[in-house]
Amino acid sequence: MSHRWFAIVLTFTLALVTGVAQVATAQTLTIYCGRSKSLVEPVVAQFEKSTGIDVQVRYGNTSQLALALQTEGERSKADVFWAQDVSALGAVAESELASTLPSDLFKRVSGWAQPASKRWIATSGRARVLAYAPSRVKKSDLPESLFDLTEPKWKGKVGWAPTNGSFQAFVTAMRQMHGDEKTKAWLVGMKENGAKVYPKNTPIVQALADGEIDLGLPNHYYLLRFKDKDPNFPVAQTFFKDGSVGNLVMVAGACTVKASKNKDAAHKFIAFLLSDDAQRYFTLGVNEYPVVETVEQNARLVPYKQLKAAAPDVDLDKLQDLEGTLKLLQEAGVL
């Protein structure tokens, strides 16, 4: 799915979403964005081009941006926080730095992706998976649980990205399901077992193909990008046993910053992210799961029914203790 396709399809959709088409304004929208620039820049650019609203984006690590918002407080110049994971969104909402969103926005979002607080909203979904090198590991020999990865047989053979926002959201979910003590023991066990550290998900998948590691813990869509370029790319992925925290289904999401003086434009941008065509871009162009029920998911993705069976039962509103997760990661010596 090309960015050119996305631009063509969205030209007319924006008129419906924002109520304006090609109307220049003096508005400037400031977004703190924890999503990868390469993934979302086409979305931002098309919104800017079609509305005349000038968009300034501060890209960065999701957790670091959340901490920046907490530090800035009422002095923040941000209008929208577009986060990679719910831990950061929850932390911002818990700090009362996010304002309640218009109720009409939530009517478009599937129930599984909605927080009770209504102070942030999901924009797309993705799943944690177990990626592996099938030439070196038989599917029948794969571990059933994340906790099996600390066994001697996997010493030095697993790749992870402790500084990545999605990984940190997963650790927050692990803390919720299994408690801090067991989670910390797993983190320490992984480090002692020689888990190899990577800065983000893409290098994990590449390392599997290069023979550096045999197993990896990325999000589901990274491998699909490699497969787009090379259908024979020598990496596969699967889930752990049903209900495992390693199969966490996460959402990227956005909120309006309470200190914003430009909430009208902020709400227009968030509404745009939930338009059918933007959701199609996320699933067809970025290989994520749409959060709008009227939008059919990419056929290359695991069907939602299977995804729901594999995923653990986690309350999105309880994944907000980012500070506690970062502290635990530091105590375990992996940050």
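For the structure, check the block above.
Residues numbered from 1 in each chain as written. Predicted model: local features only at pLDDT ≥ 70, side-chain atom pairs only at ≥ 80, totals over all residues. Heavy atoms only, no water.

Q: Please set out unusual backbone geometry residue by residue, giving values where relevant.
A: Of note, Glu-96 is a non-glycine position whose phi angle comes to about 60°, a positive value. Along the chain, Glu-96 turns up in the loop between helix H4 (86-94) and strand E4 (98-99). Unlike most non-glycine residues, Asn-287 shows phi in positive territory, near 65°. Along the chain, Asn-287 turns up in the loop between helix H10 (276-285) and helix H11 (304-310). (Helix = DSSP H or I, 4+ residues; strand = E, 2+ residues; numbered from the N terminus.)

Q: Any chance you could break down the layout of surface pockets for me, citing the residues and the numbers?
A: Taken as a whole, the largest pocket encloses approximately 420 Å³ of empty space. If you trace the largest pocket, you find 22 residues lining it, with Gly-34, Ser-36, Gln-84, Asn-164 and Lys-200 closest to the centre. At the level of elements, helix H2 (37-51), helix H7 (201-210) and helix H8 (221-229) are the ones that each hand at least two residues to the lining of the largest pocket. Classifying every residue of the lining of the largest pocket by side-chain character gives six nonpolar, 12 polar and four charged. (1 Å grid on protein atoms, 1.4 Å probe; cavity = no way out; pocket = protein on both sides within 12 Å on 5 of 7 lines; lining within 4 Å. Points joined across faces, edges and corners; volume = space filled by probe spheres on them. Nonpolar A, V, L, I, M, F, W, Y, C, P; charged D, E, K, R; others polar.)

Q: So, the sheet that holds strand E9 (residues 215-216): which residues are in play, and what are the values?
A: Strand order in the open sheet made by the five strands is E8-E7-E9-E6-E10, with mixed pairing throughout. This sheet does not close on itself; its edge strands, each paired only once, are strand E8 (196-197) and strand E10 (236-238). The sheet contact formed by strand E6 (residues 130-132) and E10 spans three bridges and is antiparallel. Opposite Ala-131, over in E10, you have Gln-237 as the bridge partner. (Pairing = 2+ DSSP bridges.)

Q: Describe the nonpolar core, naming the residues involved and giving the relevant values.
A: With 104 residues, the main nonpolar core has Leu-29, Phe-81, Trp-82, Trp-186 and Phe-269 as its most contacted residues. With nine residues, helix H6 (residues 165-192) is the largest single contributor of residues to this core. Those residues within four positions of Leu-29 in sequence are excluded, and the remaining contacts are Phe-47, Ile-53, Asp-54, Val-55, Gln-56, Asp-79, Val-80, Asn-262, Ala-265, Ala-266 and Phe-269. Formed by 10 residues, the second largest nonpolar core is a distinct cluster that contains Val-129, Leu-224, Val-249 and Ala-310. (Core = buried A, V, L, I, M, F, W, Y, C linked by side-chain atoms within 4.5 Å. Buried < 20%, exposed > 50% of the residue type's maximum accessible area, 1.4 Å probe, protein only. Contact = heavy atoms within 4.5 Å.)

Q: Any details on the side chain of Ser-166? Residues and values, ideally.
A: Relative to the assigned elements, Ser-166 resides in helix H6. Overall, Ser-166 belongs to the buried group, its relative accessible area being 0%. If we ignore the near neighbours within four places in the chain, the residues touching Ser-166 are Gln-84, Asp-85, Arg-126, Arg-128, Asn-219 and Met-250.

Q: An account of empty space enclosed by the protein is needed here, citing residue identities and associated values.
A: Under the definition given, this model contains one cavity of 30 Å³ or more. In this model, the largest cavity occupies a volume close to 40 Å³. Lining the largest cavity, in full, are Arg-128, Val-129, Leu-146, Phe-170, Leu-217, Phe-240 and Gly-246. The residue makeup of the lining of the largest cavity, split by class, is five nonpolar, one polar and one charged.

Q: Break down the pairing of strand E11 (residues 249-257) for me, with residues and values.
A: In terms of burial, E11 is largely enclosed, as nine of its nine residues are buried. The pairing of E4 with E11 spans two bridges and is classified as antiparallel. Note that in E11 the partner of Ser-99 across the bridge is Thr-256. Bridging between strand E5 (residues 121-127) and E11 involves six bridges; their strand directions are antiparallel. In the sheet register, Ser-124 faces E11, and the bridge partner there is Ala-252.

Q: So what about the environment of Ser-36? Which residues, and what values?
A: Here Ser-36 shows up in the loop between strand E1 (28-33) and H2. As for Ser-36 and Ala-83, which are separated by 47 residues in sequence, their C-alpha atoms are 9.9 Å apart. Among the polar contacts listed, one links the side chain of Ser-36 to the side chain of Ser-38, at a separation of 3.0 Å. (Polar contact = N/O pair within 3.5 Å; in protein donor to acceptor, adjacent residues only side chain to side chain.)

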